[in-house]
Amino acid sequence: MIPGIIVFVVVVLLVVFVVSGYNKLVRGKITIDEAFATMDVYLKKRFDLIPNLVETVKGYAKHEEGTLAEMVQLRSQNYNSMTEEEKLASGAAISQMVPKIMALAEAYPDLKANQNFLDLSKQLSQIEDDIANARKYYNGAVKQYNYSVQMFPNSLIAGIFHFETKKMYEVENDAERQNVQVKF
């Protein structure tokens with residue numbers, strides 16, 4: 001009778017351990033999804049703001065067609081049909097182009113004084129700050145989740161239920177490591 005109770009208690013403890021570990025992993029995955037969705041909102045806002053900024057700059061910088069055409073091409077993709085990886089790649093490419101557009105403003109004093117440009121630039125600056133904060137939150141959520149997936153004994157549960165580590169948002173190249181400077 002006593003060995004039966006011991007076996008029963010061990011089985012119950014094992015089930016509780018597996019369920020609790022599984023739920024922790026699920027909670028972490030949901031937090032990552034929520035963090036990406038938050039970042040995605042800001043990337044989409046910036047994605048939608050770019051055409052207005054480009055059109056404003058176009059009026060002043062007719063001979064800067066190369067930079068503007070590249071930005072329009074980046075923006076021409078359908079954001080809603082992109083995968084998470086494509087959204088991150090598009091956001092990184094746009095981040096590289098934003099300083100070029102802002103540099104154009106330096107060359108055109110009338111553009112720097114244009115109220116529409118100033119409003120759009122202010123919005124862009126705020127969105128860039130929001131994106132940076134969302135990326136920090138996303139990476140924090142990924143870090144916590146990856147700890148759960150990789151650390152023993154949760155790594156056993158993660159392996160059984162096919163939970164895999166997630167990739168953090170990383171800067172692809174040195175140009176992206178530089179701050180986007182928005183000066184007027």
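Nothing here was measured: the structure is a model prediction, and the numbers come from that model.

### Structural notes on the layout of surface pockets
Estimates place the volume of the second largest pocket at around 330 Å³. Breaking the lining of the second largest pocket down by element, the ones donating at least two residues are α1 (2-60) and α3 (84-107). The leading source of residues in the lining of the second largest pocket is α3, at 5 residues. Split by residue class, the lining of the second largest pocket holds 7 nonpolar, 1 polar and 7 charged.

### Some points on the side chain of Asp40
Checked against the element boundaries, Asp40 lands in helix α1. Within the structure, the side chain of Asp40 is placed 3.3 Å from the side chain of Lys87, a separation counted as a polar contact. Apart from residues no more than four positions distant in its own chain, Asp40 is found in contact with Tyr79 and Lys87.

### Quick notes on the nonpolar core
Core analysis: the largest hydrophobic core is formed by 35 residues, its most contacted members being Met39, Leu53 and Tyr138. If you list the elements that add at least two residues to this core, you get α1, α3, α5 (115-150) and α6 (154-160). When residues of this core are assigned to their parent elements, the largest contribution, 12 residues, is made by α1. Setting aside its immediate chain neighbours within four residues, Met39 contacts Leu88, Ala134, Arg135 and Tyr138.

### Notes on the packing of aromatic side chains
Following the criterion strictly, the structure yields 3 aromatic pairs and no others. On the basis of an interplanar angle of 75° and a centroid distance of 5.6 Å, the ring pair of Tyr22 and Phe163 is categorised as edge-to-face. With Tyr22 in helix α1 and Phe163 in the loop between α6 and α7 (174-177), this residue pair connects regions lying 141 residues apart in the sequence. Classification of Phe163 as buried rests on a relative accessible area of 12%. When the centroid spacing of 6.1 Å and the interplanar angle of 65° are considered together, the rings of Phe36 and Tyr138 count as edge-to-face. In this pair, Phe36 is assigned in helix α1 and Tyr138 in helix α5, connecting sequence segments 102 residues apart. The same class applies to Phe36 and to Tyr138, which are both buried. Each member of the aromatic cluster is reached from another via a ring pair, and the members are Tyr22, Phe161 and Phe163.

The rules we used
Residues numbered from 1 in each chain as written. Predicted model: local features only at pLDDT ≥ 70, side-chain atom pairs only at ≥ 80, totals over all residues. Heavy atoms only, no water. 1 Å grid on protein atoms, 1.4 Å probe; cavity = no way out; pocket = protein on both sides within 12 Å on 5 of 7 lines; lining within 4 Å. Points joined across faces, edges and corners; volume = space filled by probe spheres on them. Helix = DSSP H or I, 4+ residues; strand = E, 2+ residues; numbered from the N terminus. Nonpolar A, V, L, I, M, F, W, Y, C, P; charged D, E, K, R; others polar. Polar contact = N/O pair within 3.5 Å; in protein donor to acceptor, adjacent residues only side chain to side chain. Contact = heavy atoms within 4.5 Å. Core = buried A, V, L, I, M, F, W, Y, C linked by side-chain atoms within 4.5 Å. Buried < 20%, exposed > 50% of the residue type's maximum accessible area, 1.4 Å probe, protein only. Phe/Tyr/Trp six-rings, centres within 6.5 Å; stacked < 30°, edge-to-face > 60°.

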